[in-house]
Amino acid sequence: MNIRFEKKGKAIDSLEAWKELGNPKKDNQWKEGHSARLMAELAIERKPEFAKRVSDLLAECGIAEQDFVCEPEAAAGLGEGMYSGGPRNHDLLMLGKDCVIGIEAKVSEYFDEEIGKHLKSPKGNESTRAERLIKCLTPKKSQDEVSGIGYQLFTAARGIMCAALKHGMDKCIMLVITFKGNVEKEKNYDANCAKNAKDFDDFLKATGADGNGQIVRDISGKAISCWIKHIDVTV
């Protein structure tokens, strides 16, 4: 498996290049023991391990092994009918031959605010993006049942499915990587990790995913298969 990293047509083959080209919007995220830098270290300095994990993930999902071109901090729209709001950023977007992978890297950062906090329209009576995300991803659940789940899980899943559609594919993987071990343990680290684990499990169940984490959704008239996965990586 060949995995290469680039952004804006420029190769990324070092931590310095990753920081220059693919640094998160907030510079304070690029620190020792924080998720943005840890993701870069895994991809660049531990590349054989990263490739092995990707290979294992593809096999687990029944997808053929393939090469990937990867872009850190890649912007992805959420497609038609999502109302106001701009694109989101995948921590790493991996474009393969017939599958795309969107990675969300975590230490103990929340999956954004609870989606319930995004349900009220500023204009009072309009549908919100959050409502549309719930209808798309957890259609058999009421808003109340999923209101406590982190908003980012919804946007990440919808975003990677739209990325698959954009590139003419019908398979994608939404992967959450949680870094453990020698990481920066910020205030309430244990409680935050427990909240994230619960949010992920609640989201997976709410989508109605099968035993392998797979869901299928219609995105602009095309059926897109998405596997929702999580792995821990020890630092």
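What you see is a predicted model, and the numbers here were worked out from it, not measured in a lab.

Chemist: Before we go on, may I ask you to explain the confidence of the model for the chain in this structure?
Modeler: Regions with low pLDDT carry predicted coordinates that are not meant to be interpreted in detail. Looking at the chain as a whole, its pLDDT mean stands at 92, while 94% of the residues score no less than 70. Helix α1 (residues 15-22) is the least confidently modelled element of the chain, averaging 91 in pLDDT, while strand β6 (residues 171-180) averages 98, the highest of any element.

Chemist: Just to check I follow, could you spell out the packing of aromatic side chains for this structure?
Modeler: Two numbers describe a pair of aromatic rings. These are the distance of the centres and the angle of the planes. Per the stated rule, a full pass over the model turns up three aromatic pairs. Ring geometry for Phe5 and Trp18: centres 5.5 Å apart, planes at 50°, overall tilted. With Phe5 in strand β1 (residues 3-7) and Trp18 in helix α1, the pair connects residues that are 13 residues apart, well separated along the chain. Judged by relative accessible area, Phe5 falls into the buried class, the value being 4%.

Chemist: Explanation requested: the pattern of salt bridges in the structure shown.
Modeler: Two side chains of opposite charge can pair, provided their charged atoms sit close to one another. Counted according to the given criterion, the structure contains 14 salt bridges. The closest approach of N and O atoms between Glu114 and Lys195, which form a salt bridge, is 3.7 Å. In this pair, Glu114 sits in the loop between β5 (100-106) and α4 (129-137) while Lys195 sits in helix α7 (residues 189-207), placing the two residues 81 residues apart along the sequence. Here the salt bridges do not stand alone but share partners, grouping Glu32, Arg37 and Glu41 into one network.

Chemist: Whenever I open this one, the sheet that holds strand β7 (residues 214-219) confuses me. Can you help?
Modeler: Each strand in a sheet pairs with another by means of backbone hydrogen bonds, the pair being arranged parallel or else antiparallel. Reading across the sheet, the eight strands line up as β2-β1-β3-β4-β5-β6-β8-β7 and stay open at both edges, with mixed pairing between neighbours. With partners counted over all chains shown, the strands left at the sheet margins are β2 (10-11) and β7, one partner each. Here strand β4 (residues 88-95) pairs with β5 via four bridges, running antiparallel. Bridging across to β5, Leu93 finds its partner in Gly102. Contacting β1, β4, β5, β6 and β8 (222-234), helix α2 (residues 35-44) runs over the sheet at an angle of about 110° to β6.

Chemist: Explanation requested: the pairing of β4 in the structure shown.
Modeler: The side chains of a regular strand alternate between both faces of the sheet. Both strand β3 (residues 68-76) and β4 contribute to a ladder of seven bridges, which runs antiparallel. Across the sheet, residue Val69 finds its bridge partner in β4, namely Leu95. Remark: four residues form the turn of the hairpin made by β4 and β5, two consecutive strands paired antiparallel.

Analysis parameters
Residues numbered from 1 in each chain as written. Predicted model: local features only at pLDDT ≥ 70, side-chain atom pairs only at ≥ 80, totals over all residues. Heavy atoms only, no water. pLDDT = per-residue confidence, 0-100. Helix = DSSP H or I, 4+ residues; strand = E, 2+ residues; numbered from the N terminus. Phe/Tyr/Trp six-rings, centres within 6.5 Å; stacked < 30°, edge-to-face > 60°. Buried < 20%, exposed > 50% of the residue type's maximum accessible area, 1.4 Å probe, protein only. Salt bridge = Lys/Arg side-chain N within 4 Å of Asp/Glu carboxyl O. Pairing = 2+ DSSP bridges. Contact = heavy atoms within 4.5 Å. Axes fitted to C-alpha atoms, helices over the stretch in contact; angles between N-to-C directions.

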